[in-house]
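Coordinate analysis (summary)
For reference, the chains in residue letters:
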Amino acid sequence: MWDRLLTDCRVATMAAAPGNPLGIVENAAIGIDGGRVVRVGKRTELAGFRAKEVTALGGSWVTPGLVDCHTHLVFGGTRSGEHAMRRAGASYEDIARAGGGIASTVAATKAASADELEQSARCRLHALMRGGVTTIEIKSGYGLDTASEMRLLNAARTIGRGEPVRIVTTLLAAHALPPDAKEGPARDAYVKMIAEEMIPAVAKAGLASSVDAFCESIAFTPAEVERVFAAARANGLPVRLHAEQLSNQKGAELAAKYKALSADHLEHLDAAGARAMGAAGTVAVLLPGAFYALNEKKKPPVQLLRDAGVPIAIASDCNPGTSPVLNPQLVMNMACTLFGLTPEEAIAGMTINAARALGLAHEVGTIEAGKAADLCVWRINEPAELGYWVGLMPERRFFGGMDS
Ligand code: DI6
Ligand code: FE
């Protein structure tokens with residue numbers, strides 16, 4: 001006898017089949033046991049099975065729980081002032097060079113108590129969860145020294161405790177250079193500290209599932225990123241990269257060389273970068289919230305990614321500077337409206353392909369036997385509505401098969 005049987009529903013399993021990219025099953029039922037999906041199929045196929053609890057869903061659509069695979073959720077303060085500066089014409093680089101940007105959040109984060117950090121992050125987490133997020137990645141990157149980065153990773157883990165959400169943490173010590181280490185030997189020493197101190201310490205403590213870096217003219221050079229990646233590899237951690245966001249640094253090719261789980265942003269990606277990602281199996285994570293908030297004009301080359309067979313994920317990039325976005329539906333809508341993804345691509349972008357970007361495709365991202373029973377139930381007429389409404393919330397969520 002199973003724990004639960006969901007009936008009277010239509011399911012977008014997101015397990016693509018020929019001619020059925022969303023893996024749709026009409027007149028469906030889903031069997032759940034021990035927190036996992038044990039069977040999904042036509043109601044008639046599951047008719048012989050019994051469950052302790054049978055839940056009829058009134059004809060609603062069921063999708064996998066949403067996966068937000070790129071966020072910077074834990075930080076102190078806000079940067080609402082920069083929003084105004086930007087409207088007055090300041091660029092990302094102008095703000096960063098004037099001591100605003102990431103550096104100001106690093107200072108506000110250091111000043112925040114553990115309680116303040118956790119409370120504010122929990123509030124943002126809850127907003128994303130209300131929109132259907134059941135798995136979320138959270139990066140460090142506002143600490144920039146070993147103890148502070150580990151404090152952020154710990155806070156990210158802490159806010160998930162007892163909550164119906166799965167949290168995946170990423171070390172992003174190579175997010176910005178500390179103010180006193182912008183050049184020369186101090187700069188070199190910071191990169192060395194990431195490679196020789198932070199990554200081994202975080203790996204040993206089991207505090208992160210991957211290592212990320214920001215490869216950009218205002219952040220780390222490809223050569224510096226490579227030192228970080230080599231250390232990650234030596235410590236058994238997969239890598240990801242903020243690549244080609246503001247300029248083309250050939251970051252995507254570097255990410256591919258290290259078989260990165262993902263390369264993220266990619267507005268300035270070229271064909272060679274897309275091909276390298278395709279060959280390496282590196283997922284493209286597009287972040288329309290940052291494109292929108294920065295009022296960027298150059299869009300990521302979606303067609304190049306499609307042509308190169310690169311799986312496309314999308315994410316909120318929730319952060320105080322460039323993407324103050326707390327709504328997964330807005331992300332899916334913007335991915336369609338601003339970047340030209342189809343609604344089907346947008347849904348795959350926040351489910352299966354986001355799971356791939358986290359190395360979690362065996363666990364979440366589709367509704368299939370053996371995977372976690374993390375599900376969203378939507379009162380819609382067709383799945384494409386998920387890329388259409390802005391701010392629609394699921395009528396019901398299941399996490400590990402439990403109502404949440
Ligand atoms: N690119 C981004 O969009 C975020 N980090 C990054 O490397 C911005 C983070 C911030 O501005 O605080
Ligand atoms: Fe980011």
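Below you will find a few notes about this structure.

A word on the site of ligand 1
- Taken together, the neighbourhood of ligand 1 is formed by 14 residues, with Arg 79, Tyr 142, His 175, Gln 245 and Thr 322 sitting nearest.
- At 2.6 Å, a side-chain N or O of Tyr 142 approaches an oxygen atom of ligand 1.
- Asp 317 places a side-chain nitrogen or oxygen 3.2 Å from an oxygen atom of ligand 1.
- In the complex, the protein chains occlude 100% of the 320 Å² of accessible area that ligand 1 would expose alone.

Focus on the side chain of Ser 210
- Residue position: Ser 210 is located in strand 9 (residues 210-213).
- A distance of 3.3 Å separates a polar atom in the side chain of Ser 210 from a polar atom in the side chain of Thr 170.
- Setting aside residues no more than four positions away along its own chain, Ser 210 makes contact with Thr 169, Thr 170, Leu 171, Leu 237, Pro 238, Arg 240 and Leu 261.

Structural notes on the coordination of the iron ion (ligand 2)
- Donor atoms from the polypeptide that bind the iron ion (ligand 2) are His 70 (NE2), His 72 (NE2), His 242 (NE2) and Asp 317 (OD), placed at 2.1 to 2.4 Å.
- Considering all 4 donor atoms around the iron ion (ligand 2), the spread of angles at the metal, 80 to 166 degrees, places the coordination shape in the irregular class.
- The motif formed by the donor residues of the iron ion (ligand 2), counted along the single chain, is H-x1-H-x169-H-x74-D. Of this pair, His 70 sits in the loop between strand 6 (66-68) and helix 1 (80-87) while Asp 317 sits in the loop between strand 13 (312-314) and helix 12 (328-337), and the two are 247 residues apart along the sequence.
- A relative accessible area of 0% means that His 70 is categorised as buried.

Describing the packing of aromatic side chains
- Evaluation of the coordinates by the stated rule reveals 6 aromatic pairs.
- For the ring pair Trp 2 and Phe 49, a centre distance of 4.4 Å and an interplane angle of 10 degrees mean the geometry is stacked. On the criterion of sequence distance, the pair formed by Trp 2 in strand 1 (residues 2-12) and Phe 49 in the loop between strand 3 (36-42) and strand 4 (51-56) is long-range, its members being 47 residues apart.
- A residue is classified by how much of its surface remains accessible, and Phe 49, at 31% relative accessible area, is partly exposed.
- Considering the side-chain rings of Phe 291 and Phe 339, the 5.0 Å spacing of their centres and the 75 degrees angle between planes classify their relative orientation as edge-to-face. Of the two residues, Phe 291 sits in helix 10 (residues 288-293) while Phe 339 sits in the loop between helix 12 and helix 13 (343-349), which places them 48 residues apart along the sequence.

So, the nonpolar core
- Core analysis: the largest hydrophobic core is formed by 97 residues, its most contacted members being Ile 136, Tyr 190, Leu 266, Leu 286 and Ile 314.
- Top element by residues in this core is helix 6 (residues 184-205). It accounts for 7 residues.
- Excluding residues within four positions of it along the chain, Ile 314 makes contact with Val 67, Cys 69, Leu 286, Val 331, Met 332, Ala 335, Leu 341, Ala 346, Gly 349 and Met 350.

Topic: the pattern of salt bridges
- By the definition in use, this model includes 24 salt bridges.
- Note that Glu 363 and Arg 166 form a salt bridge whose closest N and O atoms lie 3.8 Å from each other. Here Glu 363, found in the loop between helix 14 (352-357) and strand 14 (375-378), pairs with Arg 166, found in strand 8 (residues 166-174); they are 197 residues apart in sequence, far enough to count as distant. Like Glu 363, the residue Arg 166 is buried in the burial classification.

What to know about the packing of helix 5 (residues 146-158) against helix 6
- Direction vectors running N to C along helix 5 and helix 6 enclose 35 degrees, while the axes themselves pass 10 Å from each other. Helix 5 and helix 6 meet at a crossing whose hand is right-handed. Within the contact between the two elements, helix 5 uses Thr 146, Glu 149, Met 150 and Leu 153 and helix 6 uses Met 193, Glu 197, Met 198, Ala 201, Val 202 and Ala 205.
- Tallied by class, residues from the contact of helix 5 with helix 6 come to 7 nonpolar, 1 polar and 2 charged.

Reading guide: rules and limits
- Residues numbered from 1 in each chain as written.
- Chains lettered and ligands numbered in written order.
- Predicted model: local features only at pLDDT ≥ 70, side-chain atom pairs only at ≥ 80, totals over all residues.
- Heavy atoms only, no water.
- Near = heavy atom within 4 Å.
- Polar contact = N/O pair within 3.5 Å; in protein donor to acceptor, adjacent residues only side chain to side chain.
- Areas by Shrake-Rupley, 256 points an atom, 1.4 Å probe, with all protein chains shown as cover.
- Helix = DSSP H or I, 4+ residues; strand = E, 2+ residues; numbered from the N terminus.
- Contact = heavy atoms within 4.5 Å.
- Donors = N, O, S within 2.8 Å, 3.2 Å for Na, K, Ca; no water.
- Tetrahedral: all angles 85-135°; square planar, octahedral: opposite > 155°, others 65-115°.
- Buried < 20%, exposed > 50% of the residue type's maximum accessible area, 1.4 Å probe, protein only.
- Phe/Tyr/Trp six-rings, centres within 6.5 Å; stacked < 30°, edge-to-face > 60°.
- Core = buried A, V, L, I, M, F, W, Y, C linked by side-chain atoms within 4.5 Å.
- Salt bridge = Lys/Arg side-chain N within 4 Å of Asp/Glu carboxyl O.
- Axes fitted to C-alpha atoms, helices over the stretch in contact; angles between N-to-C directions.
- Left-handed = near helix turned anticlockwise from the far one by under 90°.
- Nonpolar A, V, L, I, M, F, W, Y, C, P; charged D, E, K, R; others polar.

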